[in-house]
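# Chains, contacts and geometry: an overview
As a plain string of letters, each chain reads:
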Amino acid sequence: MYYLVDAAWWLMWSDYVGFEDGSEARGSRPNEIDNSSLLAPGSTAKLRPYINEGRDHVFVLHDEWELLRAWYGGGPALPRRGITQGSTAVVELYGLTLKVYRSSDLSAAPVEMNISKAATVRELKEMACKEFGVVGAEVKIWDYFQKKPYALLDTPSKQLEQCQIMENNDMLVEEKDAEGKFNLKKNEGVGVGSSSTYSSGGNQNVVTSTAPPSQKGVVGLQNLGNTCFMNSTLQCLSNTPPLREFFASGDYEAEINNDNPLGHEGKLAGSFGSLMKMMWPQGDEAISAVAPRGFKYQMGTSNPMFAGFQQHDSSELMNFLLDGLHEDLNRIQDKPYVESTESDGRPDDVVAKEAMDNYKLRNDSQIHDLFRGQFKSTLVCPSCGNVSITFDPYTMISLPLRTAQEEMQQSYSVKMVYYDAADSKWVKNNLTVSIPKGAEAGQLRAALSTATSIPVERIVIGQILRSYIYKFFDDAASLDFVKTGTSTIIAYDVEYPKAFEYDEQPRTAYSRRAAAEPPKVDKAAMVLYFRKEESVTSTYITSSYNRTMKALYGDPLLFCHPKETSPNELYNAIADLLGKDKVNPEMFQIRVADAFGKPTDNHVVDRADMKPVTHGLKPKLHLVVEWVDWAKEQIQGMDGVQGKDEPEGVSGATPPSPGGAASAADENDDGYEDGKLHLKQCLELFSTEEKLSPEDAWYCSKCQQHVEATKKMELWSTPKVLVLHLKRFSYSRYYRDKLETPVNFPLDDLDLSPYVLEEPQSENGQPAQPPIYDCVGVSNHMGSLGGGHYTACGRSSEDGQWYKFNDSHTSPMQPQGVASGDAYLLFYVRRDLARAYLPVPQNVEE
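Residues numbered from 1 in each chain as written. Predicted model: local features only at pLDDT ≥ 70, side-chain atom pairs only at ≥ 80, totals over all residues. Heavy atoms only, no water.

## A closer look at the overall build of the chain
Condition: Helix numbering and strand numbering both begin at the N terminus, where a helix is a DSSP run of H or I of at least 4 residues and a strand a DSSP run of E of at least 2. Categorising residues by exposure relies on relative accessible area from a 1.4 Å probe, with only protein chains included: less than 20% of the type maximum marks a residue as buried, more than 50% marks it as exposed, and the intermediate range marks it as partly exposed. Here the accessible surface of atoms and residues is derived via Shrake-Rupley with a 1.4 Å probe, and residues count as covered only by protein chains that are part of the display.
When you go through the chain residue by residue, the secondary structure sums to 17 helices and 44 strands. For the chain, with 846 residues in total, the buried portion stands at 50%. Only carbon and sulfur atoms are counted for the fraction: they give 48% of the accessible area of the chain, which is about 39100 Å².

## What about the pairing of strand β29 (residues 620-627)?
What counts here: Two strands qualify as a pair provided DSSP detects at least 2 bridges between them.
Of all the eight residues making up β29, eight are buried; the element is thus mostly covered by neighbouring parts of the structure. The alternating pattern of β29 places Lys620, His622, Val624 and Glu626 and Leu621, Leu623, Val625 and Trp627 on opposite faces, both of which are buried. With six bridges joining them, strand β28 (residues 588-593) and β29 adopt antiparallel strand pairing. Bridging across to β29, Phe588 finds its partner in Trp627.

## A few points about the sheet that holds strand β1 (residues 2-6)
Either a parallel or an antiparallel arrangement is found when strands of a sheet pair, and the pairing is made through backbone hydrogen bonds. Quick reminder of the rule: What makes two residues a contact is simply this: any of their non-hydrogen atoms within 4.5 Å. Axes here mean lines fitted to C-alpha atoms, for a helix over just the part in contact, with angles spanning 0 to 180 degrees between N-to-C directions.
Taken together, the three strands give an open sheet; going across it, the order is β3-β1-β5, and neighbouring strands pair in antiparallel fashion. Looking at strand neighbours, the two that pair on one side only are β3 (57-61) and β5 (79-80), the edges of this open sheet. With five bridges joining them, β1 and β3 adopt antiparallel strand pairing. Bridge assignment links Tyr2 to a residue of β3, and that residue is Leu61. Across the face of the sheet, helix α1 (residues 7-17) comes into contact with β1 and β3 while running at roughly 80° to β1. The sheet strands contacting helix α2 (residues 62-72) are β1 and β3, and the helix crosses β3 at an angle near 105°.

## Looking at the packing of aromatic side chains
The criterion, for reference: Classification of ring pairs uses Phe, Tyr and Trp, with its six-membered ring standing for Trp, and accepts pairs whose centres are within 6.5 Å; under 30 degrees between planes counts as stacked, over 60 as edge-to-face, and the remaining range as tilted. Remark: a charge is flagged as sitting over a ring if the NZ atom of Lys or the CZ atom of Arg is within 6 Å of the ring centre and within 35 degrees of the ring normal.
Taken as a whole and assessed by the stated rule, the structure comprises 23 aromatic pairs. Pairwise contacts between aromatic rings join Phe246, Phe247, Tyr252, Phe272 and Phe295 into one cluster. Over the face of the ring belonging to Phe145 we find Arg293, whose NZ or CZ atom lies 4.6 Å from the ring centre. When the ring centre of Tyr553 is taken as origin, the NZ or CZ atom of Lys532, which lies over that ring, is 5.4 Å away.

## Describing the pattern of salt bridges
It is possible for side chains bearing opposite charge to pair when their charged atoms get close. The test is simple: Here, a salt bridge means any side-chain nitrogen of Lys or Arg that lies within 4 Å of a carboxyl oxygen of Asp or Glu.
If you walk through the whole model with that rule in mind, you get 36 salt bridges. In this structure, the salt-bridge partner of Lys277 is Glu253, at a minimum N-O distance of 2.5 Å. Separated by 24 residues along the polypeptide, Lys277 in helix α6 (residues 267-279) and Glu253 in the loop between α5 (241-248) and α6 bring together distant segments of the chain. For Lys277, a relative accessible area of 18% corresponds to the buried category. A residue is classified by how much of its surface remains accessible, and Glu253, at 43% relative accessible area, is partly exposed. When the shortest N-O distance is used, the salt bridge between Lys712 and Glu714 registers 4.0 Å. Since its relative accessible area comes to 30%, Lys712 is described here as partly exposed.

## Some remarks on the environment of Tyr419
As for its placement among the helices and strands, Tyr419 is situated in strand β20 (residues 409-420). Between the C-alpha atoms of Tyr419 and Val494, which are 75 residues apart in sequence, the distance is 8.7 Å. Contact partners of Tyr419, with chain neighbours within four places excluded, come to Ser424, Lys425, Trp426, Asp576, Leu577 and Lys580.

## Looking at the pairing of β1
Counting buried positions along β1 gives four out of five residues, so the element sits mostly inside the fold. Here two bridges tie β1 to β5, and the two strands are oriented antiparallel to one another. What sits directly across from Tyr2, in β5, is Arg80.

## Examining the nonpolar core
Selection rule: Nonpolar core, defined: a set of buried Ala, Val, Leu, Ile, Met, Phe, Trp, Tyr and Cys residues in which side-chain atoms within 4.5 Å join the residues together.
Core analysis: the largest hydrophobic core is formed by 65 residues, its most contacted members being Phe500, Leu558, Ile574, Leu578, Phe588, Ile590 and Trp627. Ranked by residue count, the leading element in this core is strand β25 (residues 523-540), at seven residues. Listed in part, the 53 residues of the second largest apolar core include Leu221, Leu275, Trp280 and Val829.

## Looking at unusual backbone geometry
Note that the residue after Gly75, namely Pro76, is joined by a cis bond; omega there is 0°. Mapped onto the elements of the fold, Pro76 is located in the loop between β4 (74-75) and β5. For Ser453, which is not a glycine, the phi torsion comes out positive at approximately 65°. Within the secondary structure, Ser453 sits in the loop between α12 (441-452) and β22 (459-465). Residues other than glycine seldom take positive phi values, yet Gln704 does so here, at roughly 55°.

## A closer look at the packing of α6 against helix α7 (residues 293-302)
Quick note on the threshold: Roughly parallel here means an angle under 35 degrees, roughly antiparallel means over 145, roughly perpendicular means 65 to 115, and every remaining angle is called oblique. Put simply, a crossing is left-handed when the front helix is turned counterclockwise from the back one by less than a right angle, and right-handed when it is turned clockwise. As a working rule, the residues Ala, Val, Leu, Ile, Met, Phe, Trp, Tyr, Cys and Pro are called nonpolar, Asp, Glu, Lys and Arg charged, and the rest polar, with Gly in that last group.
Following both chains from N to C, one finds α6 and α7 inclined at 160°, their axes separated by 9 Å at the closest point. On the basis of the axis angle, α6 is roughly antiparallel to α7. As for how α6 packs across α7, the hand of that crossing is left-handed. Of the residues in α7, those in contact with Lys267, Leu268, Ser271, Phe272 and Leu275 of α6 are Gly294, Phe295, Gln298, Met299 and Ser302. A class-by-class count of the residues in the contact of α6 with α7 yields five nonpolar, four polar and one charged.

## Describing the state of the cysteines
The test is simple: Two cysteine sulfurs form a disulfide in these notes if their separation is within 2.5 Å.
Summed over the entire model, instances satisfying the criterion amount to zero disulfides. For Cys384, which is in no disulfide, the shortest distance to another cysteine sulfur is to Cys703 and amounts to 3.4 Å. Its relative accessible area of 39% is what places Cys384 among the partly exposed residues.

Written out as structure tokens, the structure is:
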């Protein structure tokens, strides 16, 4: 059994004990464990959607959890069990939330039950019987999908996942009738709605709406639980006419290779084909929405990565699906061994043809007939000048949105705070600065100095969490954890940054070095928190109650103050910082606190005390400010007062530019729209020569050593169906970043001639066709990677109109809305094929 622990708490604990890097203990002792941020609203056990290991939580074993809870308290405990997905062991975060009905009272609201997808039908039946107080022999369990008896679960040992039970699946406990009989039959009515199934090879997809569609093929796909990434990709493929026709017509069935060890016994192709047939029915059958249950199940069976209900990257699904369909339809029964092809000074066209001919000895399918192109890769050794040229196949082109040098940079969003003495006010700017990936905090400090002109020796950097600073970074500190999504980087202009970086916590007997000495300066580092009283509603099972609690809010303020001072002088100094000539010491009170903003006792510092503090102030001091009741309303109407209980605006933030279709009026002389990235620029970046990093060093056969060679990738040839992947996401161990850069791209006549090296070739006796393409589909991604949402735009081959696909919902759209800033995968068909399928569209209303 595994237990989840909030990532932010784990980071504080790791700093406190030196867990991650094995160093000495440092930082403050964390408060009790708080896993509340992992929970869904109003729940004490169900996790919120889209949480990710490392960013939101970490896993610990049972004994480790028991130790942590004994030492620190808190919770709640969030146990999860390990399960297998194919040959992979994973920790099951969510399980299945099922809505269970009772046949004797179908008008009652369903009971929600959470159970592991690895649980058996027997376990579910026992849970349901206990919930409803019935005897197992007197009931049957039905998959009640769409409130219809979809399938009887009559194999007790079968796992729910094997039964294709999905997240939020409706289930039915059927009880015997008055005559002691079970009368329910598959797809017979005790519920409402209309559904039917289409089955191929045991994979069942379900029609969920038989309302007439806007146009043939404009069919929504039900979200089965975080499957929008899959739905988006499927809609794009459904609107790629040459591929869809091959599957919807059934032509693929004659080419299934059941014996290919690299394939899936033809089941993946069969599942995809059955779904295409359902979305593009023969005759006048009306279908407007489908639940792709069978396809989802087969994807999970073929690749355990897609077995659960986590959000995934649609480009990863696309790569796997094309490869899986290719192997299921591979015409090669026995694959011979072939060696890689090197140029050895021969002409490119000779080497490219040889490489492709060798590749076709092992790989030949309708998928590759449509999607396969060829790259040219050139590597040059910086030591001996050795040149290696190879030609490799591809089915998707990943286009960068920034240069290779920029790819080696990591951007950080930092809130920069400083006190403008000239205007007697605090200034807060949101900045984005870039430093090399893996760089330490000292380089971030230098970058902030360059961006703000504040001397680097005056900048201190901290990590703020729930309105307190739990960590200050010295120059050697790692920044690996700061993008976990649970905290914010904040920087201040202060007189003595080292005074804030000093850790005043006492060292333990197990510490491996002596306690650090505080900096020898005449001023103390002051950290000022703001605290208020707020009402909180707590819920436990079915009961709730209101209570009041003290909570921190806003951003802390940092300043340096003479150690030799009195409480009265401290109050006056803080009043000036909060709002010079607007705030006076009578309006607030201060308490001494720990690093988390929790007062060390209930003692309020006496504002009237004018006696010097005995032995002076400590090197670093945390204080909590609380406004007195009469001042709370008064300050709300004042400008330039810090610590008001309201969202605080910041200057310097630049909103992202919206995406949009490029028009001739918006473009400059180079064909690029001012202020936006164009697809042509992405293609140029793709073929830009770059120097390999030490981690990606190339082995030179002449030097016989790994070298940081120069590399250049170019397009040798392009396929009939072109898929372009805009590389919006970058990954590291602890975080995932998304580039929101809008990319403008043409919907018609994308001419790749300037970027393709090979001259167009004739095919099957037909004239050579230039690499000019029309767009037929776009997979869009909105929001962050873990918690975002996918939609699609598709151009109908029936009427030429563009349609928007948002899971089950479909609607016509104007072409101008297709090229949005959310575009992620672009699907193009070569013009000769596109014009054979696509009619001229008529104008539509949104």
